[in-house]
Amino acid sequence: MSSETEIRPFRVDMPDEAIADLRRRIAAARLPGKELVADRSQGVQLATIQELARYWAADYDWRACEARLNALPQFTTEIDGVDIHFIHVRSSHPDALPLIMTHGWPGSVIELLETVGPLTDPAAHGGSAGDAFDLVLPSIPGYGFSAQPTELGWYAGRVAQAWAKLMPRLGYTRYVAQGGDQGAAVTDAMGRQAPEGLAGIHMNLLVTALGGGAMPADTEQERAALEQTKTFRATGFGYFLEQATRPQTIGYALLDSPVALAAWMLDHDTDAYYKISRAFVDGQPSGNLTRDHILDNITTYWLTGTGASAARSYWESARAQALAAGQAPPEVKLPVGFTTFPGEIFRAPRSWVELGYPSLTYFHEADRGGHFAAWEEPELFATEIRAAFRPLR
């Protein structure tokens, strides 16, 4: 195998000094006064950040996260000049279906770790061995352990092209793809590009309804979803707009202050924010959104210095959308599965999903879970993935 396509083993091993520096910076943080409201309408609440910072500096153990990562087979390989990090877990079941699953922002491969067991060994998690997957979890370029792009053009569509090179390189001639958040944009692009070997896709965020175009509002479900998207654009859109227009500006804070990084990453959707806040302030985690797992994710961004490069992915996608304005994207003709979770930014009705994906073959409304569904409810999430792709086996 040539050096350009070589697959190299990878281990996480952060220096002690980097961890000591992190603790020093947390201790030296200057915090603003308490917000003047009783909710999150002014942003991340002081009590949440104070408890997060206290726990992060005094009790959190990064080495435990390293051990979890290093217990899984990790690799890097160069694609289009960028070193791509990925976790690759082969199932013990011989007919396992290869699945590439893409994380989002402010997540990383950390948010998908708890799904590895239920997806690769479903029989040990109340499922059937016939539903097993070979699992590939890549880090998007500029996120976590993947290298940061040094040239323009790494928007969701180009990441999709990279994944279409990665899967054959791993020996897979037929596979499926899944994604939420930024991962949904990548998976959507894969479906439209329809690379050889891709048999179907599944998503849990409806990116086709986030572009600002008019959506039907004829039913109660559609009107409720429309109100949720309006609320998001009116009061929850700050991080999105800043990263899509000025990622370098916010990047200075994200690389200099771990507390600023944590606050920026917590200030996402309302449902996830309050769940994370309760985990720290009240000691009441929501599923796997525990204090340690939340800090595993934030610390990954800090120790890899990828706050700004991850933010640039929003700028790249905004630029790509502007360049493609007025052009209808290719249709997705592959089988499409979609699960809507109740705590998502908006609960997509089936009619909206069918409008974006006429080839929809699986749709389900889950009874719990939110934006970080794979993280919060990994067993439920794995059940959805198994059901969505069962007809393609």
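Since we're looking at a predicted model, the values are computed, not measured.

**As for the overall build of the chain**
No. 1: The number of helices and strands found in the chain is 16 helices and 9 strands.
No. 2: Computed over its C-alpha atoms, the radius of gyration of the chain comes to 20 Å, within 12% of the 21 Å expected for a compact globule of 393 residues.
No. 3: Principal axes of the C-alpha set define a box for the chain whose edges measure 55 × 55 × 45 Å.
No. 4: For the chain, long-range pairs separated by at least 24 residues make up 76% of all intrachain contacts whose partners lie at least 6 apart in sequence.
No. 5: As displayed, the chain has an accessible area near 16,300 Å², and 52% of this comes from carbon and sulfur atoms.
No. 6: Side chains of the chain give 33 positive and 47 negative charges; the mean places of these two sets differ by 2 Å.

**Some remarks on the pattern of salt bridges**
No. 1: The final tally for this structure, using the stated rule, is 26 salt bridges.
No. 2: For Arg25, the salt bridge goes to Asp256, with nearest N and O atoms at 3.5 Å. On the criterion of sequence distance, the pair formed by Arg25 in helix α1 (residues 16-27) and Asp256 in helix α9 (residues 247-256) is long-range, its members being 231 residues apart.
No. 3: By relative accessible area, which is 31% here, Arg25 ends up partly exposed.
No. 4: Its salt-bridge partner being Lys275, residue Asp271 comes within 2.8 Å of it at the nearest N-O pair. Here Asp271 pairs with Lys275, and both are found in helix α11 (residues 270-281), just 4 residues apart, close to one helical turn.
No. 5: Accessibility expressed as a relative area gives 9% for Lys275, which makes it buried.
No. 6: If you follow the salt bridges from partner to partner, you end up with Glu17, Asp21, Arg24, Arg25 and Asp256 in one network.

**Observations concerning helix α8 (residues 238-245)**
No. 1: For α8, the set of buried residues is Tyr239, Gln243 and Ala244. Buried residues along α8 cover an arc of 120° about the axis, so they all sit on one side.
No. 2: Buried residues in α8 make contact with α7 (220-235), α9, α10 (258-266) and α13 (307-323).

**Considering α11**
No. 1: With 12 residues, α11 extends 16 Å from end C-alpha to end C-alpha; this agrees with the ideal 16 Å at 1.5 Å per step.
No. 2: Regarding α11, the residues found buried are Ala272, Tyr273, Lys275, Ile276, Ser277, Ala279 and Phe280.
No. 3: The elements touched by buried residues of α11 are α2 (46-58), α10, α12 (291-304) and α15 (373-376).

**Details of unusual backbone geometry**
No. 1: Geometrically, the link from Trp105 to Pro106 is a cis peptide bond, its omega value of 5° lying close to zero.
No. 2: Of note, Pro106 is situated in the loop between β4 (97-102) and α4 (116-120).
No. 3: At Asp80, a position not held by glycine, the phi torsion is positive, near 55°.
No. 4: Along the chain, the position of Asp80 falls in the loop between β2 (74-79) and β3 (82-89).
No. 5: Non-glycine residue Ala194 carries a positive phi angle of around 45°.

**Regarding the packing of α9 against α13**
The description of two packed helices rests on the angle between their axes and on the distance between the axes.
No. 1: For the pair α9 and α13, the least separation of the axes is 8 Å and the interaxial angle reads 160°. Compared by their axis directions, α9 and α13 come out roughly antiparallel. Relative to α13, the crossing made by α9 is right-handed. Counting all contacts with α9, which are made through Pro247, Gln248, Gly251, Leu254 and Leu255, the residues of α13 involved are Gly307, Ala308, Ala311, Arg312 and Trp315.

**Observations regarding the sheet that holds strand β6 (residues 175-179)**
No. 1: The 9 strands lie next to each other as β1-β2-β3-β5-β4-β6-β7-β8-β9, forming an open sheet whose pairing is mixed. What marks the edges here is a single partner per strand, and that holds for β1 (7-9) and β9 (360-365). With direction set aside, neighbouring strand axes in the sheet form an average angle of 25°.
No. 2: Of the strand pairs in this sheet, β2 and β3 are connected by 6 bridges, and their pairing is antiparallel. What sits directly across from Thr76, in β3, is His85.
No. 3: Across the sheet, helix α5 (residues 156-169) touches β1, β2, β3, β4, β5 (133-138) and β6, and the angle it forms with β2 is around 120°.

**A word on the pairing of β6**
No. 1: With 5 of its 5 residues buried, β6 lies for the most part within the structure.
No. 2: Every second residue of β6 is oriented toward a common face, with Tyr175, Ala177 and Gly179 on one face and Val176 and Gln178 on the other, all of them buried.
No. 3: Where β4 meets β6, 4 bridges bridge the pair, whose relative direction is parallel. Along β6, the bridge assignment pairs Met101 with Gln178.
No. 4: For β6 and strand β7 (residues 198-203), the ladder comprises 5 bridges, and the chain directions are parallel. Bridging across to β7, Gln178 finds its partner in His202.
No. 5: With helix α6 (residues 182-193) bridging β6 and its parallel neighbour β7, the resulting β-α-β unit is right-handed.

**Section: the side chain of Asp131**
No. 1: By secondary structure assignment, the location of Asp131 is in the loop between α4 and β5.
No. 2: Using a relative accessible area of 7% as the deciding quantity, one classes Asp131 as buried.
No. 3: Those residues within four positions of Asp131 in sequence are excluded, and the remaining contacts are Leu119, Pro122, Arg386, Arg390 and Arg393.

Basis of the calculations
Residues numbered from 1 in each chain as written. Predicted model: local features only at pLDDT ≥ 70, side-chain atom pairs only at ≥ 80, totals over all residues. Heavy atoms only, no water. Helix = DSSP H or I, 4+ residues; strand = E, 2+ residues; numbered from the N terminus. Rg over C-alpha atoms; globule rule 2.2 N^0.38 Å. Contact = heavy atoms within 4.5 Å. Areas by Shrake-Rupley, 256 points an atom, 1.4 Å probe, with all protein chains shown as cover. Lys, Arg positive; Asp, Glu negative; His and termini not counted. Charge placed at Lys NZ, Arg CZ, Asp CG, Glu CD. Salt bridge = Lys/Arg side-chain N within 4 Å of Asp/Glu carboxyl O. Buried < 20%, exposed > 50% of the residue type's maximum accessible area, 1.4 Å probe, protein only. Arc of directions from axis to C-beta. Expected span 1.5 Å × (residues − 1). Axes fitted to C-alpha atoms, helices over the stretch in contact; angles between N-to-C directions. Parallel < 35°, antiparallel > 145°, perpendicular 65-115°, else oblique. Left-handed = near helix turned anticlockwise from the far one by under 90°. Pairing = 2+ DSSP bridges. Right-handed = clockwise from strand over helix to strand, strands pointing away.

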